[in-house]
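Breakdown of the fold
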Amino acid sequence: MSANAMVLENVQSSDRTWLETLHEWLTTVDHKRLGILYILSALWFLSLGGAEALIIRIQLIHAHNNFVSPQVFNRMFTMHGTTMIFFMVMPILFGFANYLVPLMIGARDMAFPRLNAFSFWLSFLGGLLLYFSFLGGSGLYGAGNAPDVGWWAYAPLGGRAFSPGHSSDYWTLALLVSGFGSIGTAINIIATIVSMRCPGMKLSRMPLMVWLYLVMSGMVLIAITPLSAAQIMLLIDRYLGGHFFDTQAGGSAVLWMHFFWIFGHPEVYVLVIPAFGFVSEIISVFSRKPIFGYPVMVAATVAIGLVSTSVWAHHMFTIGMNSYANSFFAITTMAVGVPTGIKIFNWIGTMWGGKIQFKLPMLFCIGFLFQFLIAGLTGILQAAAPFDWQLSLSYFVVAHFHYVIVGGIMFALFGAFYYWYPKTSGRMLSEKLGRWHFWLFLIGFHLTFDLMHIPGLLGMPRRIYTYEPGRGWDTLNLLVTIGAFIQAVAILIFVWNLIISYWKGEKAGNDPWDAWTLEWSTSSPPPSYNFATVPVVASRRPLWDLKHPEDPDSRYE
Amino acid sequence: MFLQFVSAMAVWASEPEGSSSNGTNIFDPASTPAKSIADLSVFVLVITGIIFVVVFALLVYSVVKFRGRAIEASREPAQVYGSTQIELAWTIIPILIVVVLFLATARVIHAIEDVPEPAGAVDVIAIGHQYWWEFRYPQLGVVTANELHIPVSDPARPTPTFLNLLSADTDHSFWVPQLAGKTDLIPNHPNRMWLDPHRTGIFLGQCAQYCGVEHAKMLLRVSVDTPEEFASWVQSQQQPAVDDEKVAAGKHVFETTACINCHAVKGTVASGRFGPDLTHLMSRSTIASGAASNTAKNLRLWIENPDAVKPGSLMPAMKLSDFDLDALVAYMETLR
Amino acid sequence: MSAIATPFPESWKLPYRGKVAMAGLIIGEAAIFTIFVVAYLFYVGKSLSGPTPAEVLETPIFFTICLLSSSLTVHLASKALERGKRASFLGMWLSTIVLGGLFLFGTAQEWHRLIYEHGLTVCTHSTSPPA
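All values derive from a computational prediction rather than experimental measurement.

Along the backbone of chain B there are 9 helices and 12 strands. Across chain B, every contact between residues at least 6 apart in sequence was considered, and the portion connecting residues at least 24 apart equals 66%.

What follows is the structure, given as structure tokens:
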């Protein structure tokens, strides 16, 4: 079999009506189509969550501002957090997994295509349900309204006593529904990776990204489920007279916190581990070297997965746990920084001695390295629990986690977009627009999130709809807001690039980046069956072996 | 990161010692817990700063030194798969760093949390409400709201203040950055914290745990007084309310409308606990937990239409006539 | 690619995807129920008004045997089906249904007793009377 895999001609008639096309997309079980649906839906929710962020930033542009009322502001930050985490980042990562994992392991589709479709639509329905709350929440004054209890819905604020009406129920149900979708996809990914690899692809020969998705999916199974359990108990409190979290009847607010963060902390690793996957693939190809220390990278990821289940109460350092508990969570949190740091060194090790090509995917990944380093270090700062007694619940934390999610995960995602868009569409994204996107976003990101740390150090708490003048927060907030708008412009350029390149982009061919994993051996876009013949592999980089028969990886692994 | 570190240092170094106007800068501590935290934070910042500089330098070096030139694109670089020694080194060093950081951290955790209460301490019970602070001094028989008075603590003979933190409704958090790290007020979960301010002055803070609509306006003022000032404050707070006949009309309005359901005025029939104690309302410089300064005009507006001052607060608009409202405000103004 | 590969394993056998998915599902379910159990253990005995578990709960030995043995009978049923033994399969399958039905009946009976005789519902809690 040659490097250009045999492709049977698509017998696809172009005279279908748009209704038939729509029907095809709505009923598809093909992993590539579902991947694209996940990604498109995530981009839609990105725009909604982004609009909410801009509203927040405008309101905070100076002290005692009146752009929106406190009620609206509180809904904005609740919806922004909930949307971005559950309906933007999770779906977009599942979308990339759906599209790429079967291709990377030489499979024809995911293990359970119909479960795949079901999980996507559950996820999407959850998002619609959450946004329907704006219309149907029937809050205290009769008007519909969205949840306003923060994305953690801390007890007892989320309970019946303090959250009458249905706004909190929309939060609960939307997440319960999409949570089951996430569990379905996670099961599907695990079954696909374990059971559907092509011959020769032992676990030690999978692309690193596939390993990372395996760990991430395993974590989803034990991280999302505690949230689902807690939400079921919350619903019992709200509707069946239970008192699990009803403090006025002896229930426990702290129990909710524990359950929420037992979900919440592994969840953020669920979000970042696929980003590690994208970065590993891209840095390797654009440094023209294999990933440095593949076995250790796998071990470090598994270690992160395991240790991250023991750190959750570092989100609760201020709730009054005793000194032994605080010390325990401080050390586990610092400990999880070790395998994470090792990964950064391995990525630098991959670049070291290489021949770095500064194409767009690589630019975004270099940004990722720089920013993830900083984000990790500000995480270590907060692991020192007494320091966290000042930093927690302030804008320092907000800056830290946006540094991880935007500076880390979003940058890695943009890199992934530029890298794999040619595979999914057959066209390259525009370099010129891409560079505008990169530099504008970089500048906006740093203006916003570097400066955002400072109001935290100066005592500015989070989730406040306004603040007092004269505390040194005003100018900083203004600059932070300006940075937010710069990022918004950059994202618009990116979306425009996605659209215009579909028709006008340079044709990509099978393997525009001279890469080494199986997805580049088939056409762009791949045919519906992915591979005409089942690939057989002998190393981690099957295409390297084909392109360099005199020096195959299989000799060294 | 570097920018942050530098700005943190700048912010830390810029505050003059002993200034009476205090901000909310965590690097300008005025009390032992805040100072232990600030010292630990400098230590941690220095270590992470060094890590940052080293790794950043490696990153920049590799990006610059190993950039590929198009001419040589056809020849791939040496394909290196890993190196056990290097990987071992960059595993062991971080582990050592973590051990050091942890030991420093654990020491401060115990130093702050496990302090026994000394004999001369002032006891305060702080109860968080949506959206105001209730302060009770059980041994002194004082009940007040929103503005906490505590004595300055002389290191030679310490008189720290120990706070018991409770909540009447949702979660709150007591955060006065220059005096201590924050501790939450959680219903059904009493907490304890302590302060021993080293200098007098007014210290600002606010609620840090999202507690509902007006979380942003649940501000804190802590007045650290000299021992004499504190004693005199306590003395005046222990007195029942001033009973001035000239404002009897206003007092009558107060006692016959719903005010007494929520508020208490010592020495009268009003003994409600849902809202702040108003016995010595005029001894405070702000109203509505810092949402407005304590002037007659603001007070009148607050009673007439709380949503104009703090939209969503739990004080209802009392729907009084102008005549009654004026009389009531006049009465309130006598509650020194 | 087969030109380069060292001869791949003659039989490339991977675990059956159905089993892997079931394992994943069971892990997820175990996690959900662990949280419920933790909540139960946190609150057990803390009720000031309601009955304590010791007062009202009895170990349902008979119904537990029914439930556990129904796992055995369904396993035997599927093995019989694999071997094409229809009569055996029918017997085991019906036994499973009967045992499962008995268990459900026993559980319903227990809950009926707890709710109507002892007033033990999800509302019973530390300081509040049964709602």
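Having seen it, we continue.
Attention shifts here to the overall build of chain C. Scanning chain C from terminus to terminus reveals 4 helices and 0 strands. Helices and strands in chain C line up, N terminus first, as α-α-α-α. A burial count over chain C gives 15% of its 131 residues as buried.

Another point: the packing of helix 2 (residues 31-59) of chain A against helix 3 (residues 70-104) of chain A. Residues and elements named next belong to chain A. Orientation of helix 2 relative to helix 3, taken along the N-to-C sense of each, is 155°, at an axis distance of 7 Å. Accordingly, the angle class assigned to the pair helix 2 and helix 3 is roughly antiparallel. As helix 2 packs across helix 3, the resulting crossing turns out to be left-handed. The residue inventory of the contact of helix 2 with helix 3, partitioned by class, reads 23 nonpolar, 9 polar and 2 charged.

Here we come to the interface of chain C and chain A. Interfaces are often described in size by the accessible area the parts lose on coming together. Counting from both sides, the interface comprises 30 residues of chain C and, opposite them, 42 residues of chain A. For the side of chain C that touches chain A, the per-class residue count stands at 21 nonpolar, 8 polar and 1 charged.

This part takes up the interface of chain A and chain B. Taken together, the contacts link 79 residues of chain A with 80 residues of chain B. Every element with two or more residues in the side of chain A that touches chain B is listed here: helix 3, helix 7 (253-287), helix 8 (294-307), helix 9 (323-351), helix 10 (360-383), helix 11 (385-391) and helix 14 (453-457) of chain A. If one sorts the elements of the side of chain A that touches chain B by residue count, helix 9 of chain A sits on top with 15 residues.

With that settled, the discussion passes to the sheet that holds strand 6 (residues 172-175) of chain B. All names here are of chain B. One open sheet holds the 5 strands; their spatial order is 4-10-9-6-7, and the pairing between them is mixed. Two strands lie at the open edges of the sheet, namely strand 4 (147-151) and strand 7 (183-185), each paired on one side alone. Strand after strand, the sheet turns through a mean of 30° between neighbouring axes, direction not considered. Relative to strand 10 (residues 219-225), strand 4 runs parallel, the two being bridged by 5 bridges. Along strand 10, the bridge assignment pairs Leu 148 with Val 222. Seen against the sheet, helix 4 (residues 227-238) touches strand 4 and strand 10 and runs at an angle of roughly 130° to strand 4.

Here helix 3 (residues 84-113) of chain B contains 30 residues, and its C-alpha end-to-end distance of 43 Å stays within 8% of the 44 Å for a straight helix at 1.5 Å per residue. Buried residues of helix 3 of chain B: Glu 87, Trp 90, Pro 94, Val 98, Leu 101, Thr 105, Ala 106, Val 108, Ile 109, Ile 112 and Glu 113 of chain B, and no others. Those residues of helix 3 of chain B that are buried lie in contact with helix 8, helix 9 and helix 11 of chain A together with helix 2 (32-65) of chain B.

Residues and elements named next belong to chain B. Spatially, 3-2-1-5-8 is the arrangement adopted by the 5 strands of the open sheet, whose pairing is mixed. Of all the strands in the sheet, the pair left with one neighbour each is strand 3 (142-145) and strand 8 (191-195). Strand-to-strand twist across the sheet, computed as the mean angle between neighbouring axes with direction ignored, equals 25°.

A separate point is the confidence of the model for chain C. Residue and element names in this part refer to chain C. Looking at chain C as a whole, the pLDDT averages 85, with 86% of positions reaching at least 70. No element of chain C has a lower mean pLDDT than helix 2 (residues 53-56), at 78, and none a higher one than helix 1 (residues 17-43), at 96. Long-range and interchain partners of residues 1-6, a stretch whose pLDDT sits below 50, account for 20 contacts in this model, where long-range means more than four residues apart. A low-confidence stretch, residues 126-131 (pLDDT under 50), is modelled with 19 contacts involving residues beyond four sequence positions or located in other chains. Note on the complex model: pTM 0.93, ipTM 0.93.

This part is about the environment of Met 218 of chain B. As for its placement among the helices and strands, Met 218 of chain B is situated in the loop between strand 9 (201-207) and strand 10. Among residues more than four places away in sequence, those in contact with Met 218 of chain B are Tyr 131, Trp 132, Gln 206, Cys 207, Cys 211 and Ser 289 of chain B.

Turning to unusual backbone geometry, a few remarks are in order. All names here are of chain A. With an omega of -5°, the peptide bond running from Ala 155 to Pro 156 counts as cis. Within the secondary structure layout, Pro 156 lies in the loop between helix 4 (113-136) and helix 5 (167-195). Residues Ser 524 and Pro 525 are joined by a peptide bond in cis, for which omega reads -5°. Along the chain, Pro 525 turns up in the loop between helix 15 (474-504) and helix 16 (542-547).

Next up on the list: the arrangement of the chains. The highest contact count of any of the 2 pairs of chains in contact belongs to chains A and B. One finds no contact between chain B and chain C; the C-alpha atoms of the two approach each other to within 12 Å at their closest.

A few words on the pairing of strand 3 of chain B. All names here are of chain B. Side-chain alternation along strand 3 places Val 142 and Thr 144 on one buried face and Val 143 and Ala 145 on a second face that is also buried. Inspection of the sheet shows strand 2 (residues 132-137) paired to strand 3 by 4 bridges, in the antiparallel sense. Note on strand 3: the bridge partner recorded for Arg 136 is Val 143. A loop of 4 residues connects strand 2 with strand 3, the two strands running antiparallel in sequence, and Gly 141 in this loop sits at a positive phi of about 70°.

Our next topic: the environment of Gly 267 of chain B. Residues and elements named next belong to chain B. With respect to the helices and strands, Gly 267 occurs in the loop between helix 6 (259-262) and strand 11 (286-287). Along the primary structure Gly 267 and Ala 241 are separated by 26 residues, whereas in three dimensions their C-alpha atoms are 6.0 Å apart. If we ignore the near neighbours within four places in the chain, the residues touching Gly 267 are Pro 240, Ala 241 and Asp 243.

Further remarks concern the environment of Asp 243 of chain B. All names here are of chain B. Position of Asp 243 among the secondary structure elements: in the loop between helix 4 and helix 5 (248-256). We classify Asp 243 as partly exposed; it has 13 C-beta atoms within 10 Å. Sequence-wise, Asp 243 and Leu 335 are 92 residues apart; in three dimensions their C-alpha atoms are separated by 8.2 Å.

Rules used in this analysis
Residues numbered from 1 in each chain as written. Chains lettered and ligands numbered in written order. Predicted model: local features only at pLDDT ≥ 70, side-chain atom pairs only at ≥ 80, totals over all residues. Helix = DSSP H or I, 4+ residues; strand = E, 2+ residues; numbered from the N terminus. Contact = placed C-beta atoms within 7 Å. Buried ≥ 20, exposed ≤ 12 C-beta atoms within 10 Å, placed from the backbone. Axes fitted to C-alpha atoms, helices over the stretch in contact; angles between N-to-C directions. Parallel < 35°, antiparallel > 145°, perpendicular 65-115°, else oblique. Left-handed = near helix turned anticlockwise from the far one by under 90°. Nonpolar A, V, L, I, M, F, W, Y, C, P; charged D, E, K, R; others polar. Pairing = 2+ DSSP bridges. Expected span 1.5 Å × (residues − 1). pLDDT = per-residue confidence, 0-100.

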